[in-house]
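Fold and contact review
The primary structure of each chain is shown beneath.
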Amino acid sequence: MTVTAAELIVLVDDDGTPIGTMPKPLVHHGETPLHRAFSAYLFDDAGRLLVTRRAEDKQTFPGMWTNTVCGHPGPDEDDGAAIARRASFELGLQVTGLRPALPGYRYRAEFRGVVENEICPVYVGRFTGTPAPDPSEVGEWELLEWAAFRRRQEASGRDEWSPWCREQARLIEQAGLVPTP
């Protein structure tokens, strides 16, 4: 019998300095400690953004549409390696051309009593391959031109898109960082 070790989340202080780790199942609750995370917006060669809908049984923000991939780097794992790991695991994709978009992004959000409290650098890049989602992570996916993605966000109800994706998309636009094909 194989025993899988729990994913460790890196806890940080207000300056982003690591102060310890905690198993992932113990992190997200009503008093979630500040921890490291990442968000990535990945585009195909035609410049379309890959958006995903979180699986219905996810602990945090289930069933909401969001950016391509988000997650938590492990202890001593850089963001690029963590993004590649999660893109491969969740979607069966490879990542190229990754670059920081919002390196200092931080947020706190609550949904159904579960809190996200993260220092969460945001990246843009490209993906290669055809999405083959793990159904425990991703319920659906779509490729959207940036303008269509933003129109859909703005026209939808508050709980249809993750709060971090809504805010990050506005900030990426304001910074002039929307990739072009």
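Residues numbered from 1 in each chain as written. Predicted model: local features only at pLDDT ≥ 70, side-chain atom pairs only at ≥ 80, totals over all residues. Heavy atoms only, no water.

1. Remarks on the packing of aromatic side chains
Any pair of aromatic rings gets described here by the distance separating the centres and the angle formed by the planes. Counting across every chain of the model gives seven aromatic pairs. Ring geometry for phenylalanine 149 against tryptophan 161: centres 5.4 Å apart, planes inclined by 70 degrees, an arrangement best described as edge-to-face. Taken as a pair, phenylalanine 149 in helix α2 (residues 146-155) and tryptophan 161 in the loop between α2 and α3 (163-174) lie far apart in primary sequence, 12 residues in all. Assessed through its relative accessible area of 0%, tryptophan 161 is described here as buried. The cationic tip of arginine 152 hangs over the ring face of tryptophan 65; the distance from NZ or CZ to the ring centre is 4.6 Å. (Phe/Tyr/Trp six-rings, centres within 6.5 Å; stacked < 30°, edge-to-face > 60°. Helix = DSSP H or I, 4+ residues; strand = E, 2+ residues; numbered from the N terminus. Buried < 20%, exposed > 50% of the residue type's maximum accessible area, 1.4 Å probe, protein only. Lys NZ or Arg CZ within 6 Å of the ring centre and 35° of its normal.)

2. Some points on the pairing of strand β11 (residues 122-128)
Summarising burial for β11: five of the seven residues are buried, a large majority. Here five bridges tie strand β4 (residues 38-43) to β11, and the two strands are oriented parallel to one another. Across the sheet, residue serine 39 finds its bridge partner in β11, namely valine 122. Pairing of strand β8 (residues 94-102) with β11 involves six bridges; the strand directions are antiparallel. Pairing of arginine 99 across the sheet is with valine 124, part of β11. (Pairing = 2+ DSSP bridges.)

3. Regarding the pairing of strand β2 (residues 18-23)
Each regular strand shows side chains that alternate between the opposite faces of the sheet. Alignment of strand β1 (residues 8-12) against β2, held across five bridges, turns out to be antiparallel. If you follow leucine 11 over to β2, its bridge partner there is glycine 20. Between β1 and the antiparallel strand that follows it, β2, lie five residues; glycine 16 among them carries a positive phi value of about 85 degrees.

4. As for the nonpolar core
One finds Tyr41, Trp146 and Phe149 to be the most contacted residues of the largest nonpolar core, which totals 26 residues. Secondary-structure elements contributing two or more residues to this core are β4, β5 (49-54), β8, β9 (106-111), β11, α2 and α3. Looking at this core, the element that brings in the most residues is α3, giving four residues. By size, the runner-up hydrophobic cluster in this structure holds 13 residues, among which are Ala40, Leu93, Phe127 and Val138. (Core = buried A, V, L, I, M, F, W, Y, C linked by side-chain atoms within 4.5 Å.)

5. Quick look at the pattern of salt bridges
Counting across every chain of the model gives 13 salt bridges. Arginine 85 is paired through a salt bridge with glutamate 77; the nearest N and O atoms lie 2.8 Å apart. Judged by relative accessible area, glutamate 77 falls into the buried class, the value being 18%. A salt bridge links arginine 86 to glutamate 90; the nearest nitrogen and oxygen atoms lie 2.9 Å apart. You can see arginine 86 and its partner glutamate 90 sitting in helix α1 (residues 79-91), four residues apart, about one turn around the helix. Grouping residues by exposure puts arginine 86 and glutamate 90 together as buried. Three or more residues are tied together by salt bridges with common partners; here these are Lys58, Arg86, Glu90 and Glu137. (Salt bridge = Lys/Arg side-chain N within 4 Å of Asp/Glu carboxyl O.)

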